[in-house]
Amino acid sequence: MVTKVIAISKENRAAVLREAGEIMKAGGLVAFPTETVYGLGGDALNPASAKKIYEAKGRPSDNPLIVHIAAMEALPAIVEEVPETAKRLASLFWPGPLTMILKKAERVPKETTGGLDTVAVRMPVHDVALDFIQAAGGYVAAPSANRSGRPSPTTAAYVAEDMEGRIEMILDGGQATLGLESTIVDLTVEPPMLLRPGFVTEEMLSVALGEVAVDETLLCGDSGQAPKAPGMKYRHYAPKGELVIVRGSEAAVTAAINERLLAGRAENKKTGVIATDETVERYEADVHFGMGEKGSAKAAAERLYRILRECDDEGVELILSEYFDDEGVGAAVMNRLRKAAGYHIIDV
Ligand code: AMP
Ligand code: MG
């Protein structure tokens, strides 16, 4: 299959979206930009499309997909009911980087929900995404447009790296501005449970909903419990090299990271370091990755997946990372970074 990669412009936009919509209605796959990361879209109501998504990603089919909608009016048709909590969250955070888990309606195929009776729904805020969803019939099932196990793609070029020859079309809408996947909250349980941290933070959800529980498996990989969001059990985001996070006072972290980098170098390993812009040049690494200014979780979120991909592109074998601010949006950044490191954190 030849994958068409098309940069959306003012001139071609209407025609390209029409073509993308036709591909989707015929059961094909189109990758599209959203504000979080690029999505790999198929018709959410067509079981054959869901199967194709799993094949293209190389993803286990018990890992459910998120159904993307473009208007609130589209929601009642795919869920058993729209609870008050969902209405409240939608009015506050949709369109935006929030996914809600609700009881699914009959017409949503189990192929889309990984066999579950619940469905994950999100309304993205990106204008190309919204027009594309409309053109595709209103219900687009989409996981992130990466091959399973690789970091989610934040540019169309990264999508092409993973999906060239596997899908019909890639819509290039520039860089994903947020850079991390949506927050996921389960509204089928009482109290509602945060399953994946993101730009809509735990604090923001608590203000809207009152008590919010947090899936314990988010914090460490070896709690022995199965995560409530099925996809969270799979190895994710990990670079090919070994990644270790070091936490402690600034001086202790600098010393500990440099010690390990030098040891790696002595073993002839290519080394990398991930640190704030202010501190990154202190380290004795072959490759330096700046995550933005200290305390700027937004900058870190935008850069993280590009950095993890660049670690592979550069062939880095040992990567040391500072521990970044984990408040607010920082919780989402550290959730992904901890997973990428296989939960290998050293306290100094
Ligand atoms: P993504 O990682 O962006 O591909 O989004 C898909 C993720 O959403 C899955 O891996 C699950 O973790 C989560 N998810 C989707 N549907 C459900 C559901 N019905 N219940 C719980 N988690 C879900
Ligand atoms: Mg993903």
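Because the structure is predicted, anything quoted here is derived from the model rather than measured.

**Q** What's the story with the packing of helix α3 (residues 84-93) against helix α6 (residues 202-209) in this structure? I'm lost.
**A** Helix-helix packing: each pair is described by the crossing angle between the helix axes and the interaxial distance. It is the contact of α3 with α6, at a shortest axis distance of 10 Å, that shows an interaxial angle of 125 degrees. Looking at the two axes, α3 sits oblique to α6. In terms of crossing hand, the pair formed by α3 and α6 is right-handed. Residues T85, R88, L89, L92 and F93 of α3 lie in contact with α6, whose contacting residues are M204, L205, A208 and L209.

**Q** Would you explain the sheet that holds strand β2 (residues 30-32) in this entry?
**A** Picture the strands of a sheet paired through backbone hydrogen bonds; they go either parallel or antiparallel. In spatial order, the strands read β1-β8-β2-β3-β7-β4-β6-β5-β9-β10-β11; together these 11 strands make up an open sheet with mixed pairing. A single partner strand is all that each edge strand has here, and the edge strands are β1 (4-7) and β11 (213-214). As paired elements, strand β5 (residues 98-103) and strand β9 (residues 183-186) share 4 bridges and run parallel to each other. Bridge assignment links T99 to a residue of β9, and that residue is I184. Across the face of the sheet, helix α1 (residues 13-25) comes into contact with β1, β2, β3 (39-43), β7 (140-142) and β8 (169-172) while running at roughly 145 degrees to β8.

**Q** Just checking my understanding: could you explain unusual backbone geometry for this structure?
**A** Trans is the common state for peptide bonds, and a negative phi is the common state for residues other than glycine. With omega at -5 degrees, the peptide bond leading from W94 into P95 counts as cis. Along the chain, P95 turns up in the loop between α3 and β5. A positive phi angle is found at N268, which is not glycine, with a value near 65 degrees. When you line up the elements, N268 lands in the loop between α7 (250-266) and β13 (271-275). Within the chain, Y343 stands out as a residue other than glycine whose phi angle is a positive 65 degrees. Within the secondary structure, Y343 sits in the loop between α9 (329-340) and β16 (345-347). Take Y343: its relative accessible area is 27%, and that puts it in the partly exposed class.

**Q** It is not clear to me how the packing of helix α5 (residues 156-163) against helix α8 (residues 297-313) should be interpreted in this structure. Could you clarify?
**A** The N-to-C vectors of α5 and α8 enclose an angle of 45 degrees; their axes lie 12 Å apart at closest approach. As summarised for this structure, α5 and α8 are arranged oblique, according to the angle between their axes. Crossing hand, α5 versus α8: left-handed. Packed against α5, whose contacting residues are Y158, E161 and D162, the element α8 presents R306, R309 and E310 at the interface. In terms of residue class, the contact of α5 with α8 is made up of 1 nonpolar, no polar and 5 charged.

Criteria and thresholds
- Residues numbered from 1 in each chain as written.
- Chains lettered and ligands numbered in written order.
- Predicted model: local features only at pLDDT ≥ 70, side-chain atom pairs only at ≥ 80, totals over all residues.
- Heavy atoms only, no water.
- Axes fitted to C-alpha atoms, helices over the stretch in contact; angles between N-to-C directions.
- Helix = DSSP H or I, 4+ residues; strand = E, 2+ residues; numbered from the N terminus.
- Parallel < 35°, antiparallel > 145°, perpendicular 65-115°, else oblique.
- Left-handed = near helix turned anticlockwise from the far one by under 90°.
- Contact = heavy atoms within 4.5 Å.
- Pairing = 2+ DSSP bridges.
- Buried < 20%, exposed > 50% of the residue type's maximum accessible area, 1.4 Å probe, protein only.
- Nonpolar A, V, L, I, M, F, W, Y, C, P; charged D, E, K, R; others polar.

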